[in-house]
Amino acid sequence: MGAVTDDEVIRKRLLIDGDGAGDDRRINLLVKSFIKWCNSGSQEEGYSQYQRMLSTLSQCEFSMGKTLLVYDMNLREMENYEKIYKEIEYDALAKVIQHHPDRHETLKELEALGKELEHLSHIKESVEDKLELRRKQFHVLLSTIHELQQTLENDEKLSEVEEAQEASMETDPKP
């Protein structure tokens, strides 16, 4: 339980002290020195307290000046980081843009592809027309073959009938 209490004390001191420069302690010392100076009896003791107060006040002013300089430096650094971030972002964007062709080239390519598409569409139509013609010709050919087969079958049947009649005539005596 004692360690937890120490941790809490340390946290509170860090919160109060800020960056850990001991400014709150110096101010407390300055107030105590001021009270001692006001209550000092002798001139020598008062002068000594006065010198300590000036020294502590000088340290506080120095610390405050240092803190202001650090604050200004931090602001400038933030501005620099923002500039660098924008430059990095710009460079990344420029690299992406460099990978793509410019608008003029892209329009040329689109025009060429449009012409090629149109040419291929004409070829497709031509091939489809030719295919339709070949289908019709093939249909006519099949119909002709079918008719020829019918004719050959009819001729065969007729031939068989004639042969059968001739054979029956030869076997039948003439009256």
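Just so we're clear, the structure is a prediction, and the values are computed from it rather than from any experiment.

So, the overall build of the protein
Part 1 of the reasoning: A count of helical and extended segments in the protein gives four helices and zero strands.
Part 2 of the reasoning: The order of α-helices and β-strands along the protein, N terminus first, is α-α-α-α.
Part 3 of the reasoning: For the protein, the residues scored as buried account for 6% of the 175 residues in total.
Part 4 of the reasoning: Per element, the accessible surface of the protein, about 16300 Å² overall, is 60% carbon and sulfur.

So, the packing of aromatic side chains
Part 1 of the reasoning: Considering all chains together, one arrives at two aromatic pairs under this definition.
Part 2 of the reasoning: Taking 6.3 Å as the distance between ring centres and 35° as the angle between the ring planes, the aromatic pair formed by Trp-37 and Tyr-50 counts as tilted. Of the two residues, Trp-37 sits in helix H2 (residues 23–39) while Tyr-50 sits in helix H3 (residues 43–98), which places them 13 residues apart along the sequence.
Part 3 of the reasoning: Assessed through its relative accessible area of 33%, Trp-37 is described here as partly exposed.
Part 4 of the reasoning: Taken together through their ring pairs, the aromatic side chains of Phe-34, Trp-37 and Tyr-50 make up a single cluster.

What to know about a negative patch on the surface
Part 1 of the reasoning: Together, Glu-153, Asp-155, Glu-156, Glu-160, Glu-162, Glu-163, Glu-166 and Glu-170 give the surface a local cluster of negative charge.
Part 2 of the reasoning: In this structure, Glu-163 sits in helix H4 (residues 103–171).

Looking at a nonpolar patch on the surface
Part 1 of the reasoning: Taken together, the side chains of Ile-27, Val-31, Phe-34, Ile-35, Trp-37, Tyr-47, Tyr-50, Leu-54 and Leu-57 make up a nonpolar region of the molecular surface, amounting to roughly 830 Å² of accessible area.
Part 2 of the reasoning: Among the secondary structure elements, those contributing two or more residues to the nonpolar patch are H2 and H3.
Part 3 of the reasoning: With five residues, the single largest contributor to the nonpolar patch is H2.
Part 4 of the reasoning: Structurally, Leu-54 is set in helix H3.
Part 5 of the reasoning: When its relative accessible area of 36% is taken as the criterion, Leu-54 is described as partly exposed.

Structural notes on the side chain of Ser-33
Part 1 of the reasoning: Checked against the element boundaries, Ser-33 lands in helix H2.
Part 2 of the reasoning: Not counting residues up to four positions away in its chain, the partners in contact with Ser-33 are Gln-49 and Met-53.

Notes on the confidence of the model for the protein
Part 1 of the reasoning: Per-residue confidence for the protein averages 86 on the pLDDT scale, and 89% of its residues sit at or above 70.
Part 2 of the reasoning: Per-element averaging of pLDDT across the protein places helix H1 (residues 2–17) at the bottom with 68 and H4 at the top with 92.

Let's talk about the pattern of salt bridges
Part 1 of the reasoning: The final tally for this structure, using the stated rule, is three salt bridges.
Part 2 of the reasoning: Residues Arg-135 and Glu-132 are paired through a salt bridge, measuring 3.6 Å at the closest nitrogen-oxygen approach. You can see Arg-135 and its partner Glu-132 sitting in helix H4, three residues apart, about one turn around the helix.

Basis of the calculations
- Each chain has its residues counted from 1, running along the sequence as written.
- Reporting of local features is limited, given that this is a predicted model, to residues whose pLDDT is at least 70; pairs of side-chain atoms are given and counted only at 80 or more, and all residues count toward the totals for whole chains, interfaces and linings.
- Hydrogens and water are ignored here; the side-chain numbers use all heavy atoms of the structure.
- In this description a helix means any DSSP run of H or I spanning at least four residues, a strand means any run of E spanning at least two, and both kinds are numbered starting from the N terminus.
- Note on classification: 1.4 Å probe, protein chains only; a residue is buried when its accessible area is under 20% of the maximum for its type, exposed when over 50%, partly exposed between these limits.
- Surface accessibility follows the Shrake-Rupley procedure with a 1.4 Å probe radius. Residue values consider only the protein chains on display as shielding.
- Only Phe, Tyr and Trp rings take part, Trp by its six-membered ring, and two of them pair if their centres are within 6.5 Å. Stacked means planes under 30 degrees apart, edge-to-face means over 60, and tilted covers everything else.
- Only residues whose relative accessible area exceeds 30% and that take part in no salt bridge are eligible for patches, with like-charged residues grouped when within 9 Å of each other and nonpolar side chains (Val, Leu, Ile, Met, Phe, Trp, Tyr) grouped when within 5 Å.
- Between Lys or Arg on one side and Asp or Glu on the other, a salt bridge is scored when a side-chain nitrogen of the former is within 4 Å of a carboxyl oxygen of the latter.
- As used throughout, the charge tally considers Lys and Arg to be positive and Asp and Glu to be negative, leaving His and the chain termini uncounted.
- Every charge is mapped to an atom, namely NZ of Lys, CZ of Arg, CG of Asp or CD of Glu.
- In this description, contact between two residues means that some pair of their heavy atoms is separated by no more than 4.5 Å.
- Values of pLDDT, which run from 0 to 100, indicate the predictor's confidence residue by residue.

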